[in-house]
Structure formats: C-alpha cells, structure tokens
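# Descriptive structure summary
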Amino acid sequence: MEEIKLFTPATIANVSCGFDILGLCLDTVGDEMVLRKVAKKGVCITKIVGQDLPLETEKNVAGVAVLSLLKNIDIDFGFEIEIYKNIKPGSGIGSSAASAAGAVFGVNQLLGNPFSLKELIPFAMDGEKLASGTAHADNVAPALLGGFTLVKSYAPLEVIKIHCPEELYATVIHPQIEVKTADSRSVLKQNVPLKTMVKQMGNLAGLISGLYTEDYDLIGSSLHDVIIEPHRSILIPEFQRLKEVSKKAGALGSGISGSGPSVFALSKGKEIANKVAKAMTQVYENIQVDFDIHVSKVNQNGMKVL
Ligand code: HSE
C-alpha cells in the first residue's frame, strides 16, 4: 500500500467522573487525512485544510506523533501527510488527538501494521503533549481503539477497552469559543479532599458497572464530576441550563466534554439524543451564542479507512 485515506474520529474525554482516564469515540464527527509513502526519510505535513495550524513537523501534533513512531522502527523511506480538519482546535472533542492518533494509525497501516493499536497509543500521546503540555491518553485511546476506553495506569501505560451498550448515543454542543486544554488544566486544584475523592470513585465505579451491565439508569446517575467540573464550568456559557434541559429532554446525564467548552449528554437511543440536541440548541439560540451540535452513536471501531 502506497497511500491511505482515513476518517479520524472526534472523542469525548473524561466522561464526567473519569478525569484523564475515561474516553469514548464518536462516529459522525471527525477529520480526514491522506498519508503516503515517499522516498525522502522522515515526515512532511504537506497540506492542512480547514484550520490554521503549523505545517512544520516538530510543531504539528501529527508530525510529532509520527516522529515518535519512527524512532522505534528502521526504514529507509518517509511519509507525507495531508490533514483535512473538521474538528476545531480548543473545542473539547479531541482535535489534536484525532490528528496525532490518525497519523500514527495511517503510518502503521502503510508499514503493514508492525505495531498493535495499543502500541500506537504512546506515540500519539507525544503529539498530545505538544498540544496541551501533558501526555494524556483519554482522547487518543478511544480514537485508536474505538468504543469506551479506560486508562487504568499511566506508568506503566495500561489501557483497557470497556464494554459499551449498543444504544448509547452522545449529543455534543460546541459554543464557538476556544478553550485551550493547557489553560483549562491550569485552573484545576492539585489536591482533592478525601470526601470528594470517595464521591468521585463511587461514580466512576458506578459508571463502569453500568456500562458492563447495560444499566442505563446507573450510567446516568454516575455521570457526575465533583472535582473538575466546578472549576471549569464557569468558562462555558449557560452550562447549568444545558444540563437541566438535557435531563428534561430525557438524557441519562451530561457534563463537560474533555477540557471544554463543548458539553456532552449521553442518551439511550438516537431519538432521545436528537431531542436533547433540540433542547440544547434552543438554549444557545435564545442567548445568541454561535455553536455546532452533533449527535453520534458511540463509534465502536475508531479509525476508518476510506
Ligand atoms: N483529560 C484531559 C483534560 C482531556 O480534561 O484536560 C483534554 O481533552
């Protein structure tokens, strides 16, 4: 194979109670990428359409992720990458992860898959580090593995794909303001009171249990974040109102998508997810905030070869 075209999915990280460890993959929103083998060694980003992002390999998350992969394999040719961005940087749905994970996935395919999907995660994380200052895996893991993922441990890195019920849908609304992950991490407190930790652990365990047992009510009652959300939600227009109207429209629960400003809600079935989208839309139309909105099934497969 000399060339490959990919759909590289958006993702929702944290999923309320799993800061830096939980993530899920979306189906209807993502970027496209074209990767091809070239005689010149290394990696060259030849084109970026849709966003103003750096073409220099060392300044581009896709470039950095591929350089990290190339350190682990001895080959005498290189790669060119074209990136077609639909996911806006600073939106909270894994824009940098889609590029970093997509790039290493595509290169691996062109090489005949010497690395497993899990082995690609650390390379993609190097791209994330460039984007946010932290090599978090909660967007790149679901982008590569699909479905719902849990980072059980960072050192050593241990990522688990967890069961996700078929009818789980996400609604994501993105107010058109940019919140850089690095900035939205800087507002967080470094210490958590014991009582707060107990609450968060209960919700995290409840969510995982709800996913495995397909107990939608338990999934909903576990979607609470008592640690991160109180600090970050102040950056998001009408955050509480979005949560209220989603619940009223039938959502199981809702929260901040990744580091924001996007807000997600999970629902059982597409019909309810669409109702939630309508309710969220009204909130922003009433206060004239520009936004994008997406309804998506959880994408069980991750990257798609087009
Ligand atoms: N876990 C990361 C954060 C995700 O919340 O900062 C960034 O998308």
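Going by the structure above, here's the rest.
To start, this report covers the structure provided alongside it. Everything numeric in this text was worked out from a predicted model, so none of it was measured.

Right, let's get into the side chain of Asp20. Considering the arrangement of structural elements, one finds Asp20 in the loop between strand E1 (3-13) and strand E2 (22-38). On the basis of relative accessible area, Asp20 is assigned to the buried category, the value being 13%. Apart from residues no more than four positions distant in its own chain, Asp20 is found in contact with Asn14, His136, Asp138, Val151, Tyr154 and Arg185.

Next up on the list: the sheet that holds strand E9 (residues 263-268). Across a sheet, strands are paired by hydrogen bonds formed along the backbone, either parallel or antiparallel in direction. Read across the sheet, four strands follow the order E8-E9-E7-E10 without closing on themselves; strand pairing throughout is antiparallel. Each having just a single partner strand, strand E8 (253-256) and strand E10 (291-297) make up the two edges of the open sheet. Going across the sheet, the axis of each strand differs from the next one's by a mean of 20°, ignoring polarity. Looking at chain direction, strand E7 (residues 168-175) and E9 are connected through six bridges and run antiparallel. Of the residues in E9, the one forming a bridge with Val172 is Phe264. Each of E7, E8 and E9 touches helix H9 (residues 239-248); the most contacted strand, E8, lies at about 160° to it.

Here we come to unusual backbone geometry. For the bond running from Ala155 to Pro156, omega is 0°, close enough to zero to count as cis. Within the secondary structure layout, Pro156 lies in the loop between strand E5 (148-154) and strand E6 (157-162). Between Gly260 and the following residue, Pro261, the backbone shows a cis peptide bond with an omega angle of 5°. Along the chain, Pro261 turns up in the loop between E8 and E9. Positive phi, close to 70°, is recorded for Ser16, a residue that is not glycine. Within the secondary structure, Ser16 is located in the loop between E1 and E2. The exposure class of Ser16 is buried, given its relative accessible area of 3%. Although it is not a glycine, Glu214 sits at a positive phi angle of roughly 55°. Mapping Glu214 onto the fold places it in the loop between helix H6 (194-213) and helix H7 (216-222). On the basis of relative accessible area, Glu214 is assigned to the partly exposed category, the value being 38%.

Working note: a packed helix pair is described by the angle between its axes plus the distance between those axes. The interhelical angle for the contact between H9 and helix H10 (residues 270-286), taken along N-to-C directions, is 150°, at an axis separation of 8 Å. The angle between H9 and H10 falls in the class roughly antiparallel. Like other packed secondary-structure pairs, H9 and H10 cross with a definite hand, here right-handed. Contacts between H9 and H10 pair Arg241, Leu242, Val245 and Ser246 from the former with Val276, Ala279, Met280, Val283 and Tyr284 from the latter.

The rules behind these values
Residues numbered from 1 in each chain as written. Predicted model: local features only at pLDDT ≥ 70, side-chain atom pairs only at ≥ 80, totals over all residues. Heavy atoms only, no water. Helix = DSSP H or I, 4+ residues; strand = E, 2+ residues; numbered from the N terminus. Buried < 20%, exposed > 50% of the residue type's maximum accessible area, 1.4 Å probe, protein only. Contact = heavy atoms within 4.5 Å. Pairing = 2+ DSSP bridges. Axes fitted to C-alpha atoms, helices over the stretch in contact; angles between N-to-C directions. Parallel < 35°, antiparallel > 145°, perpendicular 65-115°, else oblique. Left-handed = near helix turned anticlockwise from the far one by under 90°.

Spatial relationships are all this shows, so hold off on functional conclusions.
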